[in-house]
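Here is how the chains run, residue by residue.
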Amino acid sequence: MRKFYIISLFSLLAALASCSRTSEQSVVSDRTAQVNVIPQPHHLQMAEGAFRIARDTKIFIDVQSDEMLRIAGFLNERLSSAAGFSLEISGTMPESDAIYFMNAGLPAESYGMNVTPDRIVIDYGDGAGAFYALQTLFQLLPPEIFAGSRQKGIRWEVPCLSIEDEPRFAYRGMHLDVCLHFFDIDFLKKYIDIMALHKVNRFHWHLTEDQGWRLEIRKYPLLTEKGQWRKETVVGSLKSGIYDGTPYGGYYSQEQVKDLVRYAAERYVTIIPEIELPGHALAAISCYPELSCGLEDHYETATKWGVFKQVYCPKETTFEFLEDVFDEVFELFPSEVVHIGGDECPKASWKECPHCQSLIRKLGLKDEYELQSWFVTRMEKYINSKGRQIIGWDEILQGGLAPNAKVMSWLGEEGGIRAAQQHHEVVMAPHQKYYLDYWQGDPDSEPLAMGGPTTLRTMYDYEPVPEILTPEQSRYIIGVEGCVWTEYMDSPERVEYMAWPRMCAIAETGWTRAGKDWDSFARRLETHFGRLDYLDVGYCDAFFEPYIVCHEDTRYSKVVTMSVDAPGAEIHYTLDGSEPGPDSPVYAKPFVINRSQTVKAVAVRDGRPIGDIKTKQF
Ligand code: ACM
Ligand code: ZN
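Analysis parameters
Residues numbered from 1 in each chain as written. Chains lettered and ligands numbered in written order. Predicted model: local features only at pLDDT ≥ 70, side-chain atom pairs only at ≥ 80, totals over all residues. Heavy atoms only, no water. Helix = DSSP H or I, 4+ residues; strand = E, 2+ residues; numbered from the N terminus. Salt bridge = Lys/Arg side-chain N within 4 Å of Asp/Glu carboxyl O. Buried < 20%, exposed > 50% of the residue type's maximum accessible area, 1.4 Å probe, protein only. Donors = N, O, S within 2.8 Å, 3.2 Å for Na, K, Ca; no water. Tetrahedral: all angles 85-135°; square planar, octahedral: opposite > 155°, others 65-115°. Arc of directions from axis to C-beta. Contact = heavy atoms within 4.5 Å. Pairing = 2+ DSSP bridges. Axes fitted to C-alpha atoms, helices over the stretch in contact; angles between N-to-C directions.

### Details of unusual backbone geometry
Right, on to step 1. Along the chain, leucine 277 connects to proline 278 via a cis peptide bond; the corresponding omega equals -15°.
Right, on to step 2. For proline 278, the position within the fold is in the loop between β12 (270–277) and α8 (282–287).
Right, on to step 3. Cis geometry is found at the peptide bond from tryptophan 500 to proline 501, where omega equals 10°.
Right, on to step 4. Mapped onto the elements of the fold, proline 501 is located in the loop between α17 (492–499) and α18 (502–511).
Right, on to step 5. Its identity is not glycine, yet histidine 280 carries a phi of approximately 50°, on the positive side.
Right, on to step 6. Checked against the element boundaries, histidine 280 lands in the loop between β12 and α8.
Right, on to step 7. Even without glycine at this site, glutamate 344 takes up a positive phi of about 45°.

Listed below in structure tokens is the structure:
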């Protein structure tokens, strides 16, 4: 970590106090094990003792701004619901028994924290740093701090320690597709709250699609009057051919959007809206067919998932429409970066369209890929002229990257590597590692998903800076993002099940500067689950269950492997269909199955099962 140059007097004193205590004790690593913060802080040094937050503890803020009062207010909100008291916020410096917020001129988003038995000193440089210190402080308190109701008999103690912390990446994102399925504003606020707890600072809001347009645009009211709707939705996988016969819709009014943007900003989350172009545009085209190449008599919002050939035609009417849409987007979203999609744009319509073909000739372009690049570059020029920047999915590299574009690399790493080599900023979101609509366990026992499996461990272990990049090129990797496409997530509960805890792993990769360590993460996550329970987050608890994998071997045999994420757990199993328990054989190494058999397994720790029994039939 860079050294902090300006250190407040208080933190210096506190650090000295904590140093002297640290040197007296020799069990630092054991004590560190009591601290379970996700994402892992950069530098953490434990000391002896604890600071207790009680009714007469005070909060001192050195700058009486609305922002710092709001941050202190977040602490009081949690205390008043979980502890039944809130703290006096003071502008004059108490002698002790206080939580001191001191502006020490630290870099953006960074903070320092010193906890001694008589005070907590938080050093920050901006509101985000102070807010992130608070997120860490919450995780240093007992998990009950996250409870929505009064918790009796809890000592609200914070262990003595010192922390210096700052993020690895500036862009730490989480995406949500609200088009394939729609989610109301209250759920989005909860989603943002949980992101912020993990120091995730970008909410990529996927607002337009073939299957529905979700953002009110005042100049084009049909987009939501009509374009929010699809007449029915495919049931099962996209190939089932069976539909539910039920109209499906939903959209956000501009007032709701402004409210959410403000809510997110107060939690240091920037909302990046995505308006898809030139593909994934069928909902808009169904409202305004003149935006298409005009090859069909009738256009309808899509009723299943996938890629559709009806895309925007690059004509003046379309550019006028898109520029109008972005004008309203700029009014709603202060984000410097807007997402223009750019993925999966089939070229079939452009190949048939007389206008597109004559435009290719007139502009001297080689093919439809260069036409796509011209389309994106023209939109980029407009968006840049309004002081904003574009980011787009990998495919905006096809036919040449627009001059100032950032790339969100989802197809793998190749697009991200090429963009970084061309000195364009990149956010890594490779679908094989960071798509949260993929199975997180055995597809035989998990609900319907889009691909994978992509386990918690796979996500945790992913390193987003490809080795092939030089140190200079690596600087163009500005961050990471987890993507939640909602084909098979039709409720908030399903989103939470797919997103958490895998998003905890991505958050740690985005924040923690060095030394990611799975064993440490797994240990910390176990405590963290308790926090998520209090926050009523319906995460997947496959962490406590065996993951049984059957590897094809010969025609007559399969090799079975089993693993479990929960630290210190053993897997006990049976092969005769009976329920496994602590007395069943322990899985020690891979074994062969060469006849029809049922493997049943359970994770056991300290002589007790810790999760559900998993069954796999061969
Ligand atoms: C994408 O998943 N089509 C970006
Ligand atoms: Zn056309």
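### Structural notes on the pattern of salt bridges
Right, on to step 1. Throughout the structure, instances matching the rule amount to 27 salt bridges.
Right, on to step 2. The partner of glutamate 463 in a salt bridge is arginine 168, with the nearest N and O atoms 2.9 Å apart. Of this pair, glutamate 463 sits in the loop between α15 (456–461) and α16 (471–474) while arginine 168 is found in the loop between β7 (157–165) and β8 (171–177), placing the two residues 295 residues apart along the sequence.
Right, on to step 3. On the basis of relative accessible area, arginine 168 is assigned to the partly exposed category, the value being 26%.
Right, on to step 4. Lysine 616 is the partner of aspartate 444 in a salt bridge, and the nearest nitrogen-oxygen pair spans 2.6 Å. Here the residue aspartate 444 occupies a position in the loop between α14 (431–434) and α15, and lysine 616 occupies one in strand β24 (residues 614–617), the gap between them amounting to 172 residues.
Right, on to step 5. Overall, aspartate 444 belongs to the exposed group, its relative accessible area being 62%.
Right, on to step 6. Its relative accessible area of 10% is what places lysine 616 among the buried residues.
Right, on to step 7. When salt bridges that share partners are traced, they join Lys189, Asp193, Asp259, Arg262, Glu266 and Arg267 into one network.

### A look at the coordination of the zinc ion (ligand 2)
Right, on to step 1. At the metal site, the zinc ion (ligand 2) is ligated by Cys293 (SG), Cys313 (SG), Cys353 (SG) and Cys356 (SG), and these contacts range over 2.2 to 2.4 Å.
Right, on to step 2. Taken together, the four donor atoms coordinating the zinc ion (ligand 2) span angles of 102 to 116° at the metal, a pattern that classifies the geometry as tetrahedral.
Right, on to step 3. Taking the relative accessible area as the measure of exposure, cysteine 313 reaches 1% and is therefore buried.
Right, on to step 4. For cysteine 353, a relative accessible area of 2% gives the class buried.

### Observations regarding helix α11 (residues 354–363)
Right, on to step 1. Here α11 has its buried residues at Cys356, Leu359 and Ile360. Here the buried residues of α11 occupy an arc of 100° about the axis, which is enough to place them on one side. Within α11, the exposed residues directed more than 90 degrees away from the buried face are Pro354, Arg361 and Lys362.
Right, on to step 2. Elements that come into contact with the buried residues of α11 comprise α10 (348–352) and α12 (368–385).
Right, on to step 3. Directly after α11, the chain includes glycine 364, whose backbone phi takes a positive value near 70°.

### A word on the environment of serine 520
Right, on to step 1. Within the element layout of this structure, serine 520 appears in helix α19 (residues 518–534).
Right, on to step 2. Each C-alpha atom of the pair serine 520 and proline 567 lies 9.2 Å from the other, and the pair is 47 residues apart in sequence.

### Structural notes on the sheet that holds strand β2 (residues 58–61)
Right, on to step 1. Overall, mixed pairing links the seven strands, which are arranged β1-β7-β5-β6-β4-β2-β3 in an open sheet. A strand with exactly one partner marks an edge of an open sheet, and here the two such strands are β1 (43–52) and β3 (88–90). Shown here is a sheet whose adjacent strand axes are inclined to one another by a mean of 20°, direction ignored.
Right, on to step 2. As judged from the seven bridges shared by β1 and β7, these two strands associate in the antiparallel manner. What sits directly across from glutamine 45, in β7, is serine 162.
Right, on to step 3. Strand contacts of helix α3 (residues 66–82): β2, β3, β4 (98–103) and β6 (119–124), with the helix running at about 160° to β2, the strand carrying the most contacts.

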